[in-house]
Amino acid sequence: MEPIFEAIVPTELDVVGDARKFQVRRVFCVARNYAAHAREMGQDPAREPPFFFTKPADAVFPVADDGSSVWPYPLASRDVHHEFELVVALGSGGIDLDLEQARCCVWAYAPGLDMTRRDLQAEAKKAGRPWDVAKAFDASAPVGPLTPVAACGWLDRGSIALEVDGEVRQRGDLADMIWSIPEVIATLSGLFELKAGDLIFTGTPEGVGPVVAGNRLAGRIDGLPPMRLTIGPRDGRA
Ligand code: MN
């Protein structure tokens, strides 16, 4: 059957050491998964069940491993923040998974940015509205190449840090996650049927802040290649 319009091409990510591509199905994100970041956002970091939001698969912005990527500054915001996160890529899924089953769904990891229009998020929070305009905009999910678990092992501790123009802005340790990766996946699998191709952003350490045109971001997670990109110019419409 011919599609009516041009065929929709899935977003694909490169895989370190593998010529094949990882096709993205869905993008889930965990909010407030590091206590220090929950506090900086004015929240009590008590161990309440994790909560989630999503981004469209085509909001994933694949970041080249040579640092040449220029990220398009979005429409309608004057306060876009970086949230540097470990991204988990699933190679299988299911529903109502236990912790061991959840762990076995992890196929690869990548560095990623949950870019956030903080001004629009503040308005949404104040009015009790959904976060979509703040979180799910075009190119809102830069993700670097994936490193398979088979190559790097399980990542449950190690440094996670983001530099902006050579200055460390975010720093934390993967061991500081309030909800571990298997716990996040298991909880999510009680809400959605998970499948191969799903990405999960696992939350950001403290130090989130605004980006401006020309900023050079470098994100580093122990065990993974670094992710580098440059913030592109504003288009003047915000
Ligand atoms: Mn986030």
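This section reports on the structure supplied with the text. (Residues numbered from 1 in each chain as written. Predicted model: local features only at pLDDT ≥ 70, side-chain atom pairs only at ≥ 80, totals over all residues. Heavy atoms only, no water.)

### A short note on the packing of aromatic side chains
This structure, assessed with the given rule, holds five aromatic pairs. Between Phe-22 and Trp-107, the aromatic rings sit 6.0 Å apart at their centres with planes inclined by 20 degrees, giving stacked as the arrangement. Here Phe-22 is found in strand β2 (residues 18-23), whereas its partner Trp-107 is found in strand β9 (residues 106-113), with 85 residues between them in sequence. Under the relative-accessibility criterion, Phe-22 is labelled buried at 9%. For Trp-107, a relative accessible area of 32% gives the class partly exposed. Here a set of aromatic residues connected by ring pairs shows up, and it is made of Phe-51, Phe-53 and Trp-131. One cation-aromatic arrangement involves Arg-103 over Trp-154; the distance from NZ or CZ to the ring centre is 5.0 Å. (Phe/Tyr/Trp six-rings, centres within 6.5 Å; stacked < 30°, edge-to-face > 60°. Helix = DSSP H or I, 4+ residues; strand = E, 2+ residues; numbered from the N terminus. Buried < 20%, exposed > 50% of the residue type's maximum accessible area, 1.4 Å probe, protein only. Lys NZ or Arg CZ within 6 Å of the ring centre and 35° of its normal.)

### Some remarks on the sheet that holds strand β16 (residues 209-210)
Spatial strand order, β10-β7-β16: three strands in an open sheet with antiparallel pairing. Sheet topology places β10 (116-117) and β16 at the edges, where each strand pairs with a single neighbour. (Pairing = 2+ DSSP bridges.)

### Some remarks on helix α3 (residues 118-127)
Within α3, burial applies to Arg-118, Leu-120, Gln-121 and Ala-124. Viewed end-on, α3 has its buried residues packed into an arc of 155 degrees, placing them on one side of the element. Facing away from the buried side of α3 by more than 90 degrees, the exposed set consists of Glu-123 and Lys-126. Following α3 by one or two positions, Gly-128 adopts a phi angle in the positive range, close to 65 degrees. (Arc of directions from axis to C-beta.)

### So, unusual backbone geometry
For Arg-32, which is not a glycine, the phi torsion comes out positive at approximately 45 degrees. Mapped onto the elements, Arg-32 comes out in the loop between β3 (27-31) and α1 (35-40). One non-glycine residue, Ala-139, lies in positive phi territory at about 65 degrees. For Ala-139, the location among the structural elements is in the loop between α4 (132-135) and β11 (141-143). According to the relative accessible area criterion, Ala-139 is buried, its value standing at 11%.

In short, the description is geometric, and any link to function would need to be established separately.
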